[in-house]
Amino acid sequence: MSILTLENVSKHFGKVRAAENVSIDIREGEVFGFIGPNGAGKSTTIRMIIGALKETSGTIYFKGEDIKKSRRYIENISYVPGDVNLWPNLTGMEVINFFMKMRGFKDVEMRDALIEKFRLDARKKCKTYSKGNRQKVALISALLSDADLLIFDEPTTGLDPLMERVFHQEILAARDAGKSVLLSSHILSEVEKLADRIAIIREGKIIETGKLADLSHITRIEYILSSEDDLSFLEGKSYAHDFRTEGGNTHLMVDNDKVADFMSDISSKRITYLVTEPPKLEDIFMRYYEDKS
Amino acid sequence: MTHFRLLAKQVRFRVIMWLIILCGMSVGFAPVFDDLYSTEEELRSIEATLDNPAMVALIGPLPDAAYTTAVSFSHQMLLFMALLHGIFGILIANSVGRKAEDDGLTEYLISGGVSKRTLYVNQVMLGVLINLIAFVINYAGLSLLGLESFNNEGNLLYSAGLALFGMLFYMLTLFFGALLSSADLTFGITLSILVIMFLYRAVTDVADMAYSVISPYNWLTRMYPYAENDFTWLLPFLLVAVFALAGWFLFSRRDLGGAYLKGRGDRRTRNIGSYPGLALRNMRTMIISWLAGMFVIGLTYGSIFGDLEEMISGNEMLSAAVEAGAIDDPVMFFINMILIITTVITAIPAVMIIGRVLREENTARLEVVDSGTLESRFSRTLVLVTHWILSLLVALIGMVLTTLGMHLASMNVDDIGVTLGDYMLASLNYFTAIAAAVGIGVLLLGLSNGLFKLIWLYVGYMFFVAYLGNLVELPEMLHMATPFHYLENVTVNEMDWVAAGGVFIAAVVLFAAGLFLYRKRDLG
Ligand SMILES: Nc1ncnc2c1ncn2[C@@H]1O[C@H](COP(=O)(O)OP(=O)(O)O)[C@@H](O)[C@H]1O
Ligand SMILES: [Mg+2]
């Protein structure tokens, strides 16, 4: 079952085509990663979903219903923007309570547990909060809801790694509770750990959708290795890219769908050091455009 | 980008708008005066009109010199323009100062490597720069016009006086921003000082000008531009430097976001369970300060009503008009004029409350609260209706408090013949004019986020027509574009319920149209 479906949704701001024929489909109980560099159109797409922007063309369905039919669908979506602004004169607790009241969500124990987990000092006024703390207030408020779909727009930009982990746990917990999650990011590795499926957007257009594993034909991983043997033969291999030696180590990017070939090629060598770097969005785009041309 | 350029960019639009309005009024009105008061006869007549306590309270004392066109210009314009330059200074200083701090922008800049000193020095420099520009435009403009009797010293003093006045309130705002705990509080206090100083000098100018000297407005008066051209009264404006330095003293010694004096800061967690509750809480300080200010304005005006009689008998033009039957009751005529002016002042908080919708929108809080929330508890409609009702309530209560203040302060004056009931009817009558302005505001807001700003031009226009329309004859067309044209002058004449009802219905229709558009348009 799909919870949210976008069909050829476009948004134009004058000449700027912020989103162009975007079609995505988010299923019930999955975490969906929405990935693209800055300015790709992620926030624009999300803001059309929550009704802040009106789509220029195309249709959005929530649980199979065209959202233009009734605004009530919004009651089932919890949303956290990339840049959180709160009411400066309210304390964090007052904001969280306000959101709970507005949503008719009454679980005070869950509230206190989340505040504890995110280590938020909720007694302080919001104007004294850093970006990360404001983000925490918004994330906690969004999690305290009966909504079926949670939307987070670049949620971890202000969080430290520890809090990012807490956030990831909460996302997975929400999914296990049957909720669906739309998670946007410009960092692939962040979404990769969580997302069941991803869509990649660039310049307003979706260029790939699917399971990350299935996208191995467009991903590439960087390997850093050193060996007592000569590795320069790798440079000529078709799966190897950006070959270079640096500080005695050999760096190269390997196409994900050719890892087996690569491994058998180096199996006879005495490898003394091997590190991999997770795939980066830029690398995906590099490969995507190389394949196209 | 340097921090200074960032600051300048942040306020660029607002500063340009303000400068256009402020300098446009000064430079634009000089030829109008030249036109209207050029002959000896016209000058004598306007001098006589203004030589009475009510007008002295409103625009300042007459200079003890030949009343030339230029003298008349500076006499009628200077204090009023000073009030506007003061508001300009306060708004800009508060937005780059305390407001930026409240919003966390300052912290962001400091974490980005901008030192506290650079930050503050740049805020001060911005204040100097924008007021310097105001000075240059006014001085150059007045000089280039080359009107007769507008001498160079006068142009210099007029322009420098206003620029320094604006700068004074700019620095005062930085100072209070460093002292107090929020932008709202800073705005409330500095605006109160600006208004109270005006009201104070209104009273003392009438009673004994020697006491007025505490008020910066009086320094401008005492310069007597185009008459005595007394440059020594620029000296008290050295206070600009004092406040700038005192502000630095306070700012440099406290934490970011800290304060020496806190507003009512209780640590108890309040339960805010609805949007109206939240809106009220966010605007509480602003609403209360404005309402208190309106009451004080009413009291101040009321306190001069006792002198109205006396001045009318001593005023040729008025007496002539009374004899000719043009004005039935000159006391009523003045009271009515004051009512119209206070109506426009009350429109300011009413429009500000509507404008706060945009703050929710621009910070994206509106769309965040909207999602995941029951439609019955939060929607764009609810937000706009909440602000609209609050705005109308503040307008009505503001009018009632103003007229109540007038009534209380003039109770001992015998022959006024305006009962409390008349005042209340007048409040209701003119309240509909504010509702109309608010309605136009909502319509603009519904059309687009950016267009809303234009409502301030309209309020300024209403003020200009209401204030100057009584001193200077303006074409009928200009009056027709304000709601006052349609309303009966209550206190002078009987209330016209149909007209008031019509204006109010128009106001509601404008609101409904704005709401309809607002529900559909893209946010921020
Ligand atoms: N309200 C708007 N008016 C005009 N252009 C906009 C507006 N909002 C976004 N854009 C433009 O649309 C494009 C996509 O922006 P956005 O959706 O914010 O990207 P992302 O969230 O992926 O970083 C950008 O070029 C941006 O400048
Ligand atoms: Mg974005």
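Residues numbered from 1 in each chain as written. Chains lettered and ligands numbered in written order. Predicted model: local features only at pLDDT ≥ 70, side-chain atom pairs only at ≥ 80, totals over all residues. Heavy atoms only, no water.

Draft legend 1. Region of interest: the overall build of chain A. Scanning chain A for helices and strands turns up eight helices and 14 strands. With the C-alpha coordinates aligned to their principal axes, the bounding extent of chain A is approximately 65 × 45 × 35 Å. Sequence-distant contacts in chain A: of pairs separated by 6 or more residues, those separated by 24 or more amount to 69%. Working note: accessible area of chain A is about 12800 Å², and carbon and sulfur atoms make up 48% of it. Measuring between centres, the 42 positive side-chain charges of chain A sit 7 Å from its 46 negative side-chain charges. (Helix = DSSP H or I, 4+ residues; strand = E, 2+ residues; numbered from the N terminus. Contact = heavy atoms within 4.5 Å. Areas by Shrake-Rupley, 256 points an atom, 1.4 Å probe, with all protein chains shown as cover. Lys, Arg positive; Asp, Glu negative; His and termini not counted. Charge placed at Lys NZ, Arg CZ, Asp CG, Glu CD.)

Draft legend 2. Quick look at helix H1 (residues 42–49) of chain A. All names here are of chain A. Of all eight residues in H1, seven are buried, a share of seventy percent or more. For H1, every residue scored as buried is listed here: Lys42, Thr44, Thr45, Ile46, Arg47, Met48 and Ile49. Positioned one or two residues after H1, Gly51 has a phi angle of 85°, which is positive. (Buried < 20%, exposed > 50% of the residue type's maximum accessible area, 1.4 Å probe, protein only.)

Draft legend 3. Structural view of the packing of helix H4 (residues 69–96) of chain B against helix H8 (residues 152–179) of chain B. Residues and elements named next belong to chain B. For the pair H4 and H8, interaxial distance at closest approach is 7 Å and the crossing angle is 30°. Between H4 and H8, the angle falls in the class roughly parallel. The way H4 lies across H8 gives a crossing that is right-handed. The residue inventory of the contact of H4 with H8, partitioned by class, reads 16 nonpolar, seven polar and no charged. (Axes fitted to C-alpha atoms, helices over the stretch in contact; angles between N-to-C directions. Parallel < 35°, antiparallel > 145°, perpendicular 65-115°, else oblique. Left-handed = near helix turned anticlockwise from the far one by under 90°. Nonpolar A, V, L, I, M, F, W, Y, C, P; charged D, E, K, R; others polar.)

Draft legend 4. Examining the packing of aromatic side chains more closely. For the structure shown, the criterion picks out 30 aromatic pairs over all chains. Between the aromatic rings of Trp87(A) and Phe99(A), the centroid separation amounts to 6.3 Å while the plane-to-plane angle is 45°, which identifies the pairing as tilted. Of this pair, Trp87(A) sits in the loop between strand E6 (77–80) and helix H2 (92–103) while Phe99(A) sits in helix H2; the two residues are 12 residues apart in sequence, bridging distant segments of the chain. Its relative accessible area of 5% is what places Phe99(A) among the buried residues. Seen in terms of ring centroids, Tyr223(A) and Phe262(A) are 4.8 Å apart; in terms of plane orientation they differ by 55°. Their pairing is tilted. On the criterion of sequence distance, the pair formed by Tyr223(A) in strand E11 (residues 220–227) and Phe262(A) in helix H7 (residues 259–266) is long-range, its members being 39 residues apart. For the residue pair Tyr223(A) and Phe262(A), the accessibility class agrees, reading buried in each case. Pairwise contacts between aromatic rings join Phe33(B), Tyr37(B), Phe73(B), Phe150(B), Tyr158(B) and Tyr226(B) into one cluster. (Phe/Tyr/Trp six-rings, centres within 6.5 Å; stacked < 30°, edge-to-face > 60°.)

Draft legend 5. The arrangement of the domain arrangement of chain A in detail. All names here are of chain A. Under the domain assignment, chain A is made up of domain 1 (2–211) and domain 2 (218–292). Each partner contributes residues to the interface: domain 1 has 12 residues there, and domain 2 has nine residues. Both faces considered, domain 1 and domain 2 share a buried interface measuring about 880 Å² in area, 77% of it formed by carbon and sulfur atoms. When the buried area of domain 1 at its contact with domain 2 is split by residue, Leu188, Arg202 and Ile207 rank highest and sum to 50% of it. Across the contact surface, domain 1 and domain 2 share zero salt bridges. (Domains from an automatic or database assignment. Buried area = accessible area lost by both parts, 1.4 Å probe. Salt bridge = Lys/Arg side-chain N within 4 Å of Asp/Glu carboxyl O.)

Draft legend 6. Inspection of the interface of chain B and chain A at higher detail. Taken together, the contacts link 37 residues of chain B with 34 residues of chain A. With both chains or domains summed, chain B and chain A bury close to 3300 Å², and 50% of this area falls on carbon and sulfur atoms. At the surface where chain B touches chain A, the tally comes to four salt bridges. For the salt bridge of Asp370(B) with Arg71(A), the shortest nitrogen-to-oxygen distance reads 2.5 Å. Our count for the chain B to chain A interface comes out at 19 residue pairs in polar contact (both at pLDDT 80 or more). For the side of chain B that touches chain A, the secondary-structure elements that each account for two or more residues are helix H12 (275–304) and helix H16 (365–370) of chain B. Considering each element in turn, the side of chain B that touches chain A owes the most residues, five residues, to H16(B). (Polar contact = N/O pair within 3.5 Å; in protein donor to acceptor, adjacent residues only side chain to side chain.)

Draft legend 7. Molecular detail of the site of ligand 1. Residues and elements named next belong to chain A. Close to ligand 1 lie Phe13, Val16, Ala18, Pro37, Asn38, Gly39, Ala40, Gly41, Lys42, Ser43 and Thr44. At a separation of 3.1 Å, an oxygen atom of ligand 1 approaches a polar backbone atom of Ala40. The backbone of Lys42 places a nitrogen or oxygen atom 2.8 Å from an oxygen atom of ligand 1. For ligand 1, whose accessible area on its own is 560 Å², the fraction buried by protein is 62%. Among the elements of the structure, strand E2 (16–27) and H1 are those that each provide at least two residues to the shell around ligand 1. A total of three residues in the shell around ligand 1 trace back to one element, the largest contributor, which is H1. Classifying every residue of the shell around ligand 1 by side-chain character gives five nonpolar, five polar and one charged. (Near = heavy atom within 4 Å.)

Draft legend 8. Region of interest: helix H9 (residues 183–207) of chain B. Spanning 25 residues, H9(B) covers 35 Å between terminal C-alpha atoms, matching the ideal 36 Å at 1.5 Å per step. One side-chain oxygen of the residue at the start of H9(B) lies 3.1 Å from the amide nitrogen of Leu185(B), identifying that residue as Ser182(B). (Expected span 1.5 Å × (residues − 1).)

Draft legend 9. Representation of the pattern of salt bridges within the structure. On inspection of all chains with the given rule, the structure shows 28 salt bridges over all chains. Bridged by salt links that share partners, the residues Arg175(A), Asp176(A) and Asp196(A) form one connected network.

Draft legend 10. The environment of Thr232(B), seen in detail. You can see Thr232(B) is positioned in the loop between helix H10 (216–223) and helix H11 (239–252). Along the backbone, Thr232(B) and Trp219(B) are 13 residues apart, and their C-alpha atoms lie at a distance of 9.3 Å.

Draft legend 11. Structural context of the pairing of strand E10 (residues 205–210) of chain A. All names here are of chain A. Bridging between strand E9 (residues 197–202) and E10 involves five bridges; their strand directions are antiparallel. Bridging across to E10, Arg202 finds its partner in Lys205. From the end of E9 to the start of E10, which pair antiparallel, there are two residues, and Glu203 there has a positive phi angle of about 50°. (Pairing = 2+ DSSP bridges.)

Draft legend 12. Broad picture of the confidence of the model for chain B. Overall, the predicted model of chain B reaches an average pLDDT of 89, with 93% of residues at or above 70. For this predicted complex, the interface score ipTM comes out at 0.85, alongside a pTM of 0.71. (pLDDT = per-residue confidence, 0-100.)

Draft legend 13. Spotlight on the sheet that holds E2(A). All names here are of chain A. In space, the four strands of this open sheet follow the order E2-E1-E4-E5, with antiparallel pairing throughout. Since the sheet does not close on itself, it has two edges, and those belong to E2 and strand E5 (65–66), each with one partner. Sheet analysis places strand E1 (residues 2–13) next to E2, joined by eight bridges and oriented antiparallel. What sits directly across from Thr5, in E2, is Asp25. The sheet strands contacting H1 are E1, E2 and strand E4 (57–62), and the helix crosses E1 at an angle near 120°.

Draft legend 14. Layout of the nonpolar core. Among the nonpolar cores identified, the biggest contains 246 residues, and Phe152(A), Phe73(B) and Phe305(B) are the most heavily contacted of them. No other element matches helix H15 (residues 330–362) of chain B, which puts 18 residues into this core. When sequence neighbours within four positions are dropped, the list of residues in contact with Phe305(B) reads Ile335(B), Ile338(B), Met406(B), Ser410(B), Val413(B), Ile416(B) and Tyr423(B). Counting 12 residues, the second largest nonpolar core, distinct from the first, contains Leu231(A), Tyr239(A), Leu252(A) and Val254(A). (Core = buried A, V, L, I, M, F, W, Y, C linked by side-chain atoms within 4.5 Å.)

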